[in-house]
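# Structure at a glance
Below, each chain spelled out in residue letters.
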Number of protein chains: 2
Amino acid sequence: MPQETRTVAIVGCGVIGMGWATLFLSRGLKVILSDPAEGGKDALERYLDQARPFFEEHGNFEQVATNYEFVSDIVPRLPEAEFVQENGPESQEFKIGLMKTLDEHTRPGVVIASSSSGLPSSTFIQQCKRDPSRILVGHPFNPPHLIPLVEVVPHPGTSEHSISATMKFYQSLGKRPILLHDEVPGFVSNRLQAAINNEAYSLISRGIVSAEDLDLAITQGPGLRWAVTGPIATNALGGGGGPSGFAQRIERLGPSIRAWEDDILKHRFDWSDKSLSALQDSFKKGLGGTDWSKLVEERDSVLMQLLAAKSKTT
Amino acid sequence: MPQETRTVAIVGCGVIGMGWATLFLSRGLKVILSDPAEGGKDALERYLDQARPFFEEHGNFEQVATNYEFVSDIVPRLPEAEFVQENGPESQEFKIGLMKTLDEHTRPGVVIASSSSGLPSSTFIQQCKRDPSRILVGHPFNPPHLIPLVEVVPHPGTSEHSISATMKFYQSLGKRPILLHDEVPGFVSNRLQAAINNEAYSLISRGIVSAEDLDLAITQGPGLRWAVTGPIATNALGGGGGPSGFAQRIERLGPSIRAWEDDILKHRFDWSDKSLSALQDSFKKGLGGTDWSKLVEERDSVLMQLLAAKSKTT
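In this report, the structure presented in the accompanying data block is examined.

The rules behind the values
Residues numbered from 1 in each chain as written. Chains lettered and ligands numbered in written order. Predicted model: local features only at pLDDT ≥ 70, side-chain atom pairs only at ≥ 80, totals over all residues. Heavy atoms only, no water. Salt bridge = Lys/Arg side-chain N within 4 Å of Asp/Glu carboxyl O. Buried < 20%, exposed > 50% of the residue type's maximum accessible area, 1.4 Å probe, protein only. Helix = DSSP H or I, 4+ residues; strand = E, 2+ residues; numbered from the N terminus. Phe/Tyr/Trp six-rings, centres within 6.5 Å; stacked < 30°, edge-to-face > 60°. Lys NZ or Arg CZ within 6 Å of the ring centre and 35° of its normal. Expected span 1.5 Å × (residues − 1). Contact = heavy atoms within 4.5 Å.

### Quick notes on the pattern of salt bridges
Evaluated as defined, the whole model comprises 28 salt bridges over all chains. Note that Arg-52 of chain A is salt-bridged to Asp-49 of chain A, the shortest N-O span being 3.1 Å. Classification of Arg-52 of chain A as partly exposed rests on a relative accessible area of 28%. Since its relative accessible area comes to 41%, Asp-49 of chain A is described here as partly exposed. Here Asp-263 of chain A makes a salt bridge to Arg-191 of chain B, at a shortest N to O gap of 2.7 Å. You can see Asp-263 of chain A sitting in helix H11 (residues 245-266) and its partner Arg-191 of chain B sitting in helix H7 (residues 189-205), one on each of two chains. Here the salt bridges share partners, and the residues they tie into one network are Lys-30, Glu-69, Arg-77 and Glu-80 of chain A.

### Topic: the packing of aromatic side chains
Overall, the coordinates contain 29 aromatic pairs over all chains when judged by the stated rule. Taking the centre distance of 6.0 Å and the plane angle of 35 degrees together, the rings of Phe-169 of chain A and Tyr-170 of chain A count as tilted. Accessibility expressed as a relative area gives 0% for Tyr-170 of chain A, which makes it buried. These aromatic residues form a ring-pair network of at least three members: Tyr-201, Phe-269, Trp-271, Phe-283 and Trp-292 of chain A together with Phe-246 of chain B. In this structure, Lys-175 of chain A is placed above the aromatic ring of Trp-20 of chain A, and the distance from its NZ or CZ to the ring centre is 5.4 Å.

### Topic: helix H13 (residues 292-311) of chain B
Under the 1.5 Å per step criterion, the end-to-end length of H13 of chain B is 28 Å for 20 residues, consistent within 8% with the ideal 28 Å. Every buried residue of H13 of chain B is accounted for by Trp-292, Leu-295, Val-296, Glu-298, Arg-299, Asp-300, Val-302, Leu-303, Met-304, Leu-306, Ala-309 and Lys-310 of chain B. Tucked into the core, H13 of chain B has its buried residues touching helix H8 (211-219), helix H9 (222-226), helix H10 (231-238) and helix H13 (292-311) of chain A together with helix H3 (52-58) and helix H12 (273-287) of chain B.

Laid out in structure tokens, this is it:
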């Protein structure tokens, strides 16, 4: 499949769908998109225009960024698709109905990947009578054209062929797919983010640190390293690297870490109105004045330079 | 104090002490160091040599990188210091004795900062009879000359003057200090790392994902964003940015996140021999063949480019 995929259907064109469209277009694919929201086509045009520096790295903006059709109804166009990327709302009920339709109208053997950010596909394929074995989750990260990670999460009935075709297709686009061996809720990356966020919310709402300084505690610290070495390799380097570095780190710091874990558990963020309100207050005070459009531009500019620097090392 | 600080004493010269030395030297300060380990001076020379690209960004390697004295006994030299950075082992008992000595021999008013990575200073100042009000934690991140974050954690008796002098001194070196308002064990950044690590260990030991893919789930995903936008700003952007983005994100995704949190809690990494052994096995299989020296070189090269890209945005 990967070699032949020239046309992709994007079902649901919010922030994630627009990012997928940017990626697919930049690689020379044709894209057919739909979204029920008003002004969807204008939003896409603005998004593509903002991504101009990204297109320019990959070729000619004018030539590829216009190779799409924004349609009001995707259903009659599904038979043209050689890959379907679904980006509907994160609702089980909604996805059950949508997947039924996609399965009915997509050609046999064509993979249907859901951008579901935590809902396993086995929870929304029960009405797919034609071929649920070509359905799986392909969970991207925002912005999908810049962040290489995709979590590929098959359900127990997904075929090996669909899994390997999906991995190869994403790889052919320059993505870095990882394969999960079990459909855990939240998948891997959002669970890791939920773990860090809970403690972040707790520290802020308890007044230990401001929302602004909490962010600096990542962006000026471990966040810089995590762009290069993941949690496990970072642990191993903290133990001096080498084959025994990880074991040493776990052994030497284990007792301290377990004591911190106990304290973290004791003070878990409880989602009470009081805690939420303290969290929101700190957010408004420290980050309320942020220029978010400027931050997105800066983030994307730094991301592109970071990815370029990383690509030179491997 | 900041303007006049020309001489810093570094007590304990392992990986962290050597990184501090690199930073202080690169900014033109004189450094007096000591370490009880054999071969400490040679290790420092190698470290400084490896950091040559860093020195070259800040000036003349030959001129500044030799402006140190590695001494066998720091005690008689302490009166020369205008700032003391302590990097002894992370042991309460050890630090109690060391802090007593440092307090006795350091000039009045000179700040003594401990690189303690999670032990609050109130737990190791009880034998400091002279002036414990100038003692606090200044917790850096590896490698200290490249990672800007320093957690400044005063104990309840630390003077306001010592706190502000320390913040200003670190800022004058290009560091990004954050001030904690309470001495929580593990401080902020290591608690955040402990939270993510526990879930990482759990996912790997349960076979959901390999150690290698777990690291990719960060370095190819959220880790790239966290170099620019912290957990809170990332949440706000996920909610579409704007002043209400953060609130929207919490409200809309809150129920999903709480379900993931419950599942995370249920499957917490338990540090049992069985779980540890499954974790180590996956580490050996996926990351055992890593060239760690090469990884450090690559990390530092990417870090310098990343920091340069970030400095252009602010």
